[in-house]
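Structural characterization, general
The lines below spell out each chain.
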Amino acid sequence: MPLLRTAMLWMARQRQLEALVRAAPPARPLVQRFIAGETLDEALAAVRQLNARGMTATLDVLGENVADAREAQAAAETYCHVLDQIAASGVESTISVKLTMLGLDIDPALAQRNLEAIVDHARRLGNRVAVDMEGSPYTQRTLDLFYALHPRYGDHIEMVLQAYLYRTERDVEDAIAHRARVRLVKGAYDEPPTIAYPSKRAVDAAYRRQLERLLEHGHFVSIATHDEAIIRAARGFIRRMGIGPYKYEFQMLYGVRRDLQEQLVRLGEPLRIYVPFGRQWYPYFMRRMAERPVNLLFVLRAIARG
Ligand code: FDA
């Protein structure tokens, strides 16, 4: 249902709709399912619960596209504080950052300085930073920044590649050559067919191809999907090829397919949960709604009742 998905992703960018969703009490349980809270304390409590269930985490402070250098620097300071609190509380969690939140729209050099400050801090604490991948206008700039830092920080920094982009086959080969740690996702943005596979079937096939390549020849791959067929195929491939657990982990989003999360842990697979928190949850929340178009009905019903 690509039209519904496009409509949901359009809604994710509409500030007026954000006010409606925020003001609708019936939307709250749905929001709470995908967002671990608005404060760091709430998010750390969620991570503690995941750890107790045998899962590690990666914390994401929600926010995107800052327009002011001070805001970008404040975001970097917030992330350093999150790293300190992870260390102080003893939970098992890395962090995930978005470069537009660190100033990529203002000046790539500013985003690089902010990212460097965070990764440097993470290295001192023995932790790691994943650089989330945003829409296609940012792909090359995000990879450039990643590769500028990777020689110095190695496994303290992880990149994200989106299987739906045609260019990703090439980016996978670069990642293999650089021995970079990769999180492979299908891709969550609305991209035109000139640069991205338009059908789910083609995206799934691309994901499988790229994943096998990374599992066999890559340094470390985070298999970030809730797609049961892909997970089953990946586990079969890993077994057949004799690939050890030091080369991969599974990753899933907070609140999505909790049954499958539990199942993977029971099977003894390493699993990390992406845990978003913060006040600016609306665009992230709407991207999650777009992944399952039936969710649109829940949102509209909540707005109507609110
Ligand atoms: P697919 O969309 O085919 O879903 C497979 C099944 O999972 C569905 O049939 C349904 O059962 C379930 N499911 C999936 N999403 C659901 C939802 N929202 N609600 C309920 N059920 C759902 N993207 C990106 O562009 N940049 C990034 O940096 C990241 N980072 C990231 C980190 C992690 C840890 C994960 C798991 C995902 C991302 N993503 C991302 C999102 C990713 O691109 C993709 O949009 C989602 O993971 C959904 O795709 P699936 O691979 O799960 O497959």
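In case you missed it, the structure is sitting above this.
In this text the structure is predicted, and so the values were computed from the model without any measurement.

For the rest of this paragraph, the subject is helix 2 (residues 15-23). Listing the buried residues of helix 2 in full gives Leu17, Glu18 and Val21. Viewed end-on, helix 2 has its buried residues packed into an arc of 105°, placing them on one side of the element. For helix 2, the exposed residues lying more than 90 degrees away from the buried face are Arg15, Gln16 and Ala23.

Quick look at the site of the ligand now. Near the ligand, the surroundings consist of 26 residues, among which Gly187, Lys200, Thr225, His226 and Glu291 are the closest. Within the contact set of the ligand, an oxygen atom lies 3.0 Å away from a backbone nitrogen or oxygen of Ala188. Between the ligand and Arg288, the relevant distance is 2.8 Å, taken from a nitrogen atom to a main-chain nitrogen or oxygen of the residue. A molecule is said to occupy a pocket when more than half its atoms come within 2 Å of that pocket's grid points, and by this definition the ligand occupies the largest pocket. Secondary structure elements with two or more residues in the shell around the ligand: strand 4 (157-162), strand 5 (181-185) and strand 7 (248-253). Counting residues per element, the shell around the ligand draws most heavily on strand 7, which supplies 3 residues. Grouping the amino acids of the shell around the ligand by side-chain chemistry returns 11 nonpolar, 6 polar and 9 charged.

Running from amino to carboxyl end, helix 5 (residues 69-89) crosses helix 6 (residues 108-124) at an angle of 10°, the nearest separation of the two axes being 9 Å. Taken together, the axis directions place helix 5 and helix 6 in an arrangement best described as roughly parallel. Contacts between helix 5 and helix 6 involve Ala69, Ala72, Gln73, Ala76, Tyr79, Cys80, Leu83 and Asp84 from the first element and Leu110, Asn114, Ala117, Ile118, His121 and Ala122 from the second. Here the residues of the contact of helix 5 with helix 6 sort into 10 nonpolar, 3 polar and 1 charged.

Here the largest pocket is characterised by a volume of approximately 1,500 Å³. Residue lining of the largest pocket: 49 residues in total, with Arg5, Lys186, Gly187, Ala188 and Glu291 positioned closest to the centre. Secondary-structure elements contributing two or more residues to the lining of the largest pocket are helix 1 (2-11), helix 3 (28-34), strand 4, strand 5, helix 9 (200-217), strand 7 and helix 12 (282-290). It is helix 12 that provides the largest number of residues to the lining of the largest pocket, a total of 4 residues. Residues belonging to the lining of the largest pocket are distributed by class as follows: 24 nonpolar, 9 polar and 16 charged. Size it by volume and the second largest pocket reaches roughly 490 Å³. Considering the residues around the second largest pocket, the lining is formed by 22 residues, among which Arg13, Glu64, Asn65, Tyr189 and Arg287 are closest to the centre. Taken together, the elements giving at least two residues each to the lining of the second largest pocket come down to helix 2 and helix 12.

The element strand 6 (residues 220-224) is largely enclosed, with a buried count of 5 among its 5 residues. Here strand 6 shows two buried faces, one formed by Phe220, Ser222 and Ala224 and the other by Val221 and Ile223. Two elements, strand 5 and strand 6, share 4 bridges in a ladder whose sense is parallel. Within strand 6, the position partnered with Arg181 by the bridge is Phe220. The parallel pair strand 6 and strand 7, bridged by helix 10 (residues 228-241), forms a crossover whose chirality is right-handed.

Attention now moves to the pattern of salt bridges. Within this structure, the stated rule accounts for 23 salt bridges. Asp132 is paired through a salt bridge with Lys98; the nearest N and O atoms lie 2.8 Å apart. Of the two residues, Asp132 sits in the loop between strand 3 (129-131) and helix 7 (139-153) while Lys98 sits in the loop between strand 2 (93-97) and helix 6, which places them 34 residues apart along the sequence. Lys98 matches Asp132 in its accessibility class, with the two residues each being buried.

Quick notes on the rules
- Residues numbered from 1 in each chain as written.
- Predicted model: local features only at pLDDT ≥ 70, side-chain atom pairs only at ≥ 80, totals over all residues.
- Heavy atoms only, no water.
- Buried < 20%, exposed > 50% of the residue type's maximum accessible area, 1.4 Å probe, protein only.
- Helix = DSSP H or I, 4+ residues; strand = E, 2+ residues; numbered from the N terminus.
- Arc of directions from axis to C-beta.
- Near = heavy atom within 4 Å.
- Polar contact = N/O pair within 3.5 Å; in protein donor to acceptor, adjacent residues only side chain to side chain.
- 1 Å grid on protein atoms, 1.4 Å probe; cavity = no way out; pocket = protein on both sides within 12 Å on 5 of 7 lines; lining within 4 Å.
- Sits in = over half its atoms within 2 Å of the grid points.
- Nonpolar A, V, L, I, M, F, W, Y, C, P; charged D, E, K, R; others polar.
- Axes fitted to C-alpha atoms, helices over the stretch in contact; angles between N-to-C directions.
- Parallel < 35°, antiparallel > 145°, perpendicular 65-115°, else oblique.
- Contact = heavy atoms within 4.5 Å.
- Points joined across faces, edges and corners; volume = space filled by probe spheres on them.
- Pairing = 2+ DSSP bridges.
- Right-handed = clockwise from strand over helix to strand, strands pointing away.
- Salt bridge = Lys/Arg side-chain N within 4 Å of Asp/Glu carboxyl O.

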